Amino acid sequence: MKRRIGILMALCMLFMVMSVQALEPRLSTPKLDLSFAGTTAYCSAICNSQSDSDKIQATLTLYQGKTYVDSWSNSGTGQTAVSGNCKVSRGKDYTLTLTYSINDSSKPSISVFAKSPS
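Quick caveat: nothing in here was measured; it's all calculated off a predicted structure. (Residues numbered from 1 in each chain as written. Predicted model: local features only at pLDDT ≥ 70, side-chain atom pairs only at ≥ 80, totals over all residues. Heavy atoms only, no water.)

Visitor: I'd love a proper account of unusual backbone geometry, names of residues and values included.
Guide: Residues other than glycine predominantly adopt negative phi, and peptide bonds predominantly adopt the trans conformation. A positive phi angle, close to 55°, is found at Asn-103, a residue other than glycine. Of the residues examined, Asn-103 reaches a relative accessible area of 43% and is grouped as partly exposed. For Asp-104, which is not a glycine, the phi torsion comes out positive at approximately 65°. Topologically, Asp-104 is positioned in the loop between strand E6 (93–102) and strand E7 (105–106). (Buried < 20%, exposed > 50% of the residue type's maximum accessible area, 1.4 Å probe, protein only. Helix = DSSP H or I, 4+ residues; strand = E, 2+ residues; numbered from the N terminus.)

What follows is the structure, given as structure tokens:
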């Protein structure tokens, strides 16, 4: 009887270890996207933190060259999405920049570049 209980406990511990190893850490690198449809720019970003309780504040800013075009902000905990769209000029270079903080600690900004269709 003691042997069966010992085997059962060992199996339970094995399953617990396997389930913990199966958990993957959440990626904290934001995903950033800038796309165009005609003269409309579509801008989006998703920011993740390592914990569901972390506070995230994020702002997306679109520039044509060095000229400000538009911006969008959002905040949340654990994961935050920011998106927006605006009118743009054809055949111009645009930069979408994400500035964000996690638990009031600023993170390095991230940018993507794209040219609107001619």
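What follows picks up the thread again.
Visitor: Quick rundown of the packing of aromatic side chains? Include the residues and the values.
Guide: Summed over all chains, the structure comprises 1 aromatic pair. With a centroid separation of 5.7 Å and 50° between ring planes, the pair formed by Phe-36 and Tyr-94 is classed as tilted. Of this pair, Phe-36 sits in strand E1 (residues 31–37) while Tyr-94 is found in strand E6, placing the two residues 58 residues apart along the sequence. (Phe/Tyr/Trp six-rings, centres within 6.5 Å; stacked < 30°, edge-to-face > 60°.)

Visitor: Pulling in residues and values, what's your account of the pairing of E1?
Guide: Of the two faces of E1, the one holding Leu-32, Leu-34 and Phe-36 is buried and the one holding Lys-31, Asp-33, Ser-35 and Ala-37 is not buried anywhere. Relative to strand E2 (residues 40–48), E1 runs antiparallel, the two being bridged by 7 bridges. Paired with Asp-33 across the bridge in E2 is Ser-44. Connecting E1 to the antiparallel partner E2 that follows it, the hairpin turn spans 2 residues, and Gly-38 within it adopts a positive phi of roughly 65°. (Pairing = 2+ DSSP bridges.)

Visitor: So what's going on with the nonpolar core? Which residues, and what values?
Guide: Within soluble globular proteins, side chains that are nonpolar tend to cluster in buried spots. Ranked by internal contacts, the top residues of the largest apolar core, which has 20 residues, are Leu-34, Cys-43, Leu-60, Leu-62, Trp-72, Leu-96 and Leu-98. If you list the elements that add at least two residues to this core, you get E1, E2, strand E3 (55–64), strand E5 (79–87) and E6. Take this core: its biggest share by element is 5 residues, from E6. With near-sequence residues (within four places) excluded, Leu-34 lies in contact with Ala-41, Tyr-42, Cys-43, Leu-62, Tyr-94, Leu-96, Val-112 and Ala-114. (Core = buried A, V, L, I, M, F, W, Y, C linked by side-chain atoms within 4.5 Å. Contact = heavy atoms within 4.5 Å.)

Visitor: I'd like a description of the side chain of Asn-48, backed by residues and values.
Guide: The residue Asn-48 is located in strand E2 in this model. Among the polar contacts made by the side chain of Asn-48, one reaches the side chain of Gln-79 at a distance of 2.7 Å. (Polar contact = N/O pair within 3.5 Å; in protein donor to acceptor, adjacent residues only side chain to side chain.)

Visitor: Break down the side chain of Ser-101 for me, with residues and values.
Guide: Note that Ser-101 resides in strand E6. Overall, Ser-101 belongs to the buried group, its relative accessible area being 10%. Apart from residues lying up to four places away in sequence, Ser-101 is in contact with Lys-55, Ile-56, Gln-57, Ser-106 and Lys-107.

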